[in-house]
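Letter by letter, the chains look like this.
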Amino acid sequence: MNSPDGPADTRMMGIVHAALKRDLYRVREVMRATPPPRGRQRVALGQHVLWMLDVLHAHHTSEDEGLWPLVRRINPAATELLDSMEADHQRIAPAVEAAAAAARTYGGTTTDSARGALVNALDVLLDVLVPHLDREVAEAMPVVAASITNREWDLIEQAHNIKPKSSRELAMEGHWLIEGIDREGYEVVVHKVPPVLRFILVHGFGRTYRRQARVRWTPDTSAAEAVTS
């Protein structure tokens, strides 16, 4: 276990970023497939994009309102770097809003133009988001680890990323984060919550998460048959 007074363990940042990139790219790939998603799958993909964009917004808010101000106070030398992180967030925000609007339209219609609009919106978003996510891990996290302690990091995590969320929200996000992850990453994620809650989240919601994942990643053959009949 990491010492509470030791350097902040920032591995969770990379885990969140990896999950966002994994599924945003996957959605884009599925939507470009032939035949394109239909029926339940189409609705589920639109909902998943909206959910991920909400996660991204909360993630950036926790940095802007919690993490960056603390690091600034403790390490004024990091100001220029943190200014650039916040500027990235401002540049990313319009692309997030555009992708969210496209996802809402896509999930509520059956037109191919809506699918094309969402694919294009995801392309724009990924172009500005991925370099930021990668730079944040490579450049900002070493500065964070050198500036604050594990205790300070965990207090921000609890205040911004755990306490405001219901058990169900934490479970769905947790299962999303650990999908396909290695053992080290799994341990980082599940130990963010106390043992009793951890057991409930891991074992009580896994079936629900897997069912939702199957719907969004598996073609709806009944819808395809209805279209061709």
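Residues numbered from 1 in each chain as written. Predicted model: local features only at pLDDT ≥ 70, side-chain atom pairs only at ≥ 80, totals over all residues. Heavy atoms only, no water.

Peer 1: Quick question: what am I supposed to make of helix H2 (residues 39-74) here?
Peer 2: Think of an α-helix as turning once every 3.6 residues; residues three or four places apart then point the same way. Counted at 1.5 Å a residue, the expected span for H2 with its 36 residues is 52 Å, and the 52 Å between its end C-alpha atoms agrees. If you look at H2, its biggest bend is around 40°, right at Glu63. (Helix = DSSP H or I, 4+ residues; strand = E, 2+ residues; numbered from the N terminus. Expected span 1.5 Å × (residues − 1). Bend = angle between axes of the 7 residues up to and from the residue.)

Peer 1: How do you make sense of a nonpolar patch on the surface when you look at a structure like this?
Peer 2: Among the surface-exposed residues, Val196, Phe199 and Ile200 lie close enough to one another that they form a single nonpolar patch of about 320 Å² accessible area. On the secondary structure map, Ile200 appears in helix H8 (residues 195-204). For Ile200, a relative accessible area of 42% corresponds to the partly exposed category. (Patch = residues over 30% accessible without salt bridge, like charges linked within 9 Å, V, L, I, M, F, W, Y side chains within 5 Å. Areas by Shrake-Rupley, 256 points an atom, 1.4 Å probe, with all protein chains shown as cover. Salt bridge = Lys/Arg side-chain N within 4 Å of Asp/Glu carboxyl O. Buried < 20%, exposed > 50% of the residue type's maximum accessible area, 1.4 Å probe, protein only.)

Peer 1: Would you mind going over the side chain of Thr208 with me for this structure?
Peer 2: In this structure, Thr208 sits in helix H9 (residues 206-217). What makes Thr208 buried here is its relative accessible area of 18%. Setting aside residues up to four positions removed in sequence, Thr208 forms contacts with Arg168 and Met172. (Contact = heavy atoms within 4.5 Å.)

Peer 1: Even after reading the chapter, I still don't get the nonpolar core, so can you show me in this structure?
Peer 2: In summary, soluble globular proteins display a tendency toward joint burial of nonpolar side chains. Within the largest apolar cluster, 47 residues are counted, with the highest numbers of intra-cluster contacts made by Val27, Met31, Leu125, Trp176 and Leu177. For this core, the secondary structure elements donating two or more residues are helix H1 (11-31), H2, helix H3 (79-107), helix H4 (112-147), helix H6 (167-178), helix H7 (183-190) and H9. Counting residues in each nonpolar core, the second largest holds 16 residues, with Met13, Leu67, Ala140 and Val144 among its members. (Core = buried A, V, L, I, M, F, W, Y, C linked by side-chain atoms within 4.5 Å.)

Peer 1: I keep staring at the confidence of the model for the protein and nothing clicks. Help me out?
Peer 2: Should pLDDT be low for a region, the predicted coordinates there are not to be read in detail. Confidence along the protein averages 93 in pLDDT terms, with 97% of residues attaining 70 or more. Within the protein, the element-level pLDDT minimum falls on helix H10 (residues 221-228), averaging 56, and the maximum on H4, averaging 98. Segment residues 225-229 is flagged for pLDDT under 50; beyond a separation of four residues in sequence, or across chains, it makes one contact in the model. (pLDDT = per-residue confidence, 0-100.)

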